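# Analysis of the macromolecular model
Okay, here's what each chain looks like letter by letter:
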Amino acid sequence: MTTSTLPRRLNLFDATMIVMGGIVGSGIFINPYVVALRIHTPFLILGVWILGGVLALLGAFIWAELATRMPSAGGQYLYLREAYHPSVAFLYGWVLLLVTQTGGMAAVAVTFAKYFREISGSTVGDGPIAAAALLGLTAINCLGARAGSNVQSLLMLLKAAAIIAMVVLGLWLGGGAIHPLPLLDRPISFGLAGAIGAAMIPIAFAYGGWQTATFVAGEMRDPSRELSRGLIAGVLGVVALYLSVNFVCLRVLGPAGLAATHTPASAVMRAALGERGAQWIAIGIAISTLGFLSQGILTAPRVYYAMARDGLFFQSVGWLHPRTGAPVVAILIQGVAATIIALSGRYEQILNYVVSIDFISFALTATSLFIFRRRNASTGSVGSPRAALSDAKGIPAGSSYNAAIYRVPGHPYTTAIFVLSCAAIVASTIWTYPENSVFGFVILLAGIPVYLYWSHKAPRASKAGK
């Protein structure tokens, strides 16, 4: 295996675009109606979207500190490894590669294909178009983080422009009005609390994705300053976009009209500009899905790269291209796996299995901050000794990493709120979708014998290389 490290070429703008690109996909154009099915007043609908934004911001604060403590490739995988055990980190990467990332990319690629066919009138099937999008973006990212980040940033700016145009045109030409009363759609009760909890599930996933920016911490020029700032600025930018979309949907369609349509963005643009407006927003959604794909292909392979460097995956996955510095094999494995899932048509069923697992990993990662703070108090080190030694490589001597680390505001209280919120979402998901949750845990447990195989193989491979 090559001993080279990932080149540090990304800056604050790249980090902010990666954060926003990892959150904003096609969901914001559709999910508002799902929320309106569960709660039915503007106060409640906007309130839960604000609550989801606050939760995402708390997570961004936590991940910002973790990223400055261990500014190396792998992000969440690295934090779980150092806080708990390599097995915990491996199981996270196992589910990421096998289901969460590749299944999500497959689903988004097929969504892109559907809108592309609608826009272009193409008679080609969804599968080949989705495969072409996945493999094309995979090829671009094999050229290096700079090439992948440039494409991702361009697509993020385009989809932000599409959302802003929808909001402005909807407010200007869409008509309607928001009626603030009544505030609640039912008396304060367990039924209301349950409805709000059910509404938070799609919102939590609509805001998810900011954590993937930490996967490329090893390629940030100044991870302490730029990645932490990018995480917070990116989440705040998405909160502003999401609240704007929901506000215009409520004004133009009303809560009942919003709940009655499966395509709220198209309904708003149709009210503003007729069928031409619906056509324009379809283009915006296609761009948004493509941008989301680009971000996933850029960031997640760094986890598989880190797994390989730990001896917990095929050795070749840890190889970096000598000219571009890209983990080409890791990128290709993910791209091909996502393409196979997209062509199989099983992506939606696969994704349903890991809803609860995803938020368990969030809770564990956030809890790791308590562990690192305690270690820091007892030893004076930033993270673990192993992480501090390896992560300092390749960081400029003048970097802010050498001076200070970002600190979560309000810790331990804000961190505890985030952990408890994740636990509540997991409980709500298991209660609502028990069968899917069981399958998710089966997939997770299936990774244990795989980890045992690789963990026993790694020491032998290390001795053979001496």
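Anyway, here's the lowdown on the structure attached to this text. What you see is a predicted model; the values in this text were computed from it and never measured.

Moving on, we come to the overall build of the protein chain. The number of helices and strands found in the protein chain is 18 helices and zero strands. Counting only residues that meet the buried cut, the protein chain has 56% of its 466 residues in that class. Intrachain contacts of the protein chain at a sequence separation of at least 6 include 84% that bridge at least 24 residues. About 18,600 Å² of surface is accessible on the protein chain, with carbon and sulfur atoms providing 69% of the total.

This next bit is on the pattern of salt bridges. Tallied over the entire structure, the rule returns eight salt bridges. For Asp14, the salt bridge goes to Arg146, with nearest N and O atoms at 2.8 Å. One end of the pair, Asp14, is in helix 1 (residues 12-23); the other, Arg146, is in helix 7 (residues 145-173), and 132 residues separate them in sequence. Classification of Arg146 as partly exposed rests on a relative accessible area of 26%. Look at the salt bridges and you will find they share partners, linking Glu65, Arg69 and Arg373 into a network.

Moving on, we get to the nonpolar core. Core analysis: the biggest nonpolar cluster contains 114 residues, and Trp49, Trp63, Met166, Val235, Tyr242 and Phe418 have the highest contact counts within it. For this core, the element with the highest residue contribution is helix 3 (residues 42-69), accounting for 16 residues. Aside from chain neighbours lying at most four places away, what touches Val235 is Val19, Ile23, Gly53, Ala56, Leu57, Ala60 and Trp210. Counting 27 residues, the second-largest nonpolar core is a separate cluster that includes Ala89, Phe90, Val95 and Phe313.

Here Thr299 shows up in helix 11 (residues 275-299). With a relative accessible area of 0%, Thr299 lands in the buried category. At 3.0 Å, the side chain of Thr299 forms a polar contact with the backbone oxygen of Gln295. Those residues in contact with Thr299 that lie beyond four places of it in its chain are Ile18, Thr212, Phe215 and Val216.

Further remarks concern empty space enclosed by the protein. This model, assessed by the stated rule, comprises two cavities of 30 Å³ or more. Estimates place the volume of the largest cavity at around 80 Å³. If you trace the largest cavity, you find it lined by Gly52, Leu55, Ala56, Ala204, Tyr207, Gly208, Trp210, Phe359, Phe362 and Phe418. When residues of the lining of the largest cavity are traced back to their parent elements, those giving at least two are helix 3 and helix 15 (355-379). If one sorts the elements of the lining of the largest cavity by residue count, helix 3 sits on top with three residues.

Analysis parameters
- Numbers given for residues are sequential positions, taken from 1 along each chain in its written order.
- Two thresholds apply to this predicted model, a pLDDT of at least 70 for residue-level local features and 80 or more for giving and counting side-chain atom pairs, whereas whole-chain, interface and lining totals are computed over all residues.
- Here the side-chain values reflect all heavy atoms present in the structure, with hydrogen atoms and water set aside.
- Secondary structure elements are taken from DSSP: a helix is a run of H or I of four residues or more, a strand is a run of E of two residues or more, and numbering for both begins at the N terminus.
- The classification of residues rests on relative accessible area computed with a 1.4 Å probe and restricted to protein chains. Under 20% of the type maximum is buried, over 50% is exposed, and intermediate values are partly exposed.
- Note on contacts: a residue pair is in contact if any heavy atoms of the two residues lie within 4.5 Å.
- The method behind every accessible area is Shrake-Rupley, applied with a 1.4 Å probe, and residues are considered shielded solely by the protein chains displayed.
- Salt bridge criterion: a side-chain nitrogen from Lys or Arg within 4 Å of a carboxyl oxygen from Asp or Glu.
- Here, nonpolar core means buried Ala, Val, Leu, Ile, Met, Phe, Trp, Tyr and Cys residues that are tied together by side-chain atoms lying within 4.5 Å of each other.
- Two N or O atoms count as a polar contact when they lie within 3.5 Å, although within protein this holds only if one can serve as hydrogen donor and the other as acceptor, and sequence-adjacent residues are included solely when both atoms are side-chain atoms.
- Definitions used throughout: a 1 Å grid over protein atoms alone; a cavity as a set of points that fits a 1.4 Å probe which cannot get out; a pocket as an open set with protein on both sides within 12 Å along at least five of seven lines; a lining residue as one with an atom within 4 Å of a point.
- Grid points are joined across faces, edges and corners, and a volume is the space filled by probe spheres set on the points.

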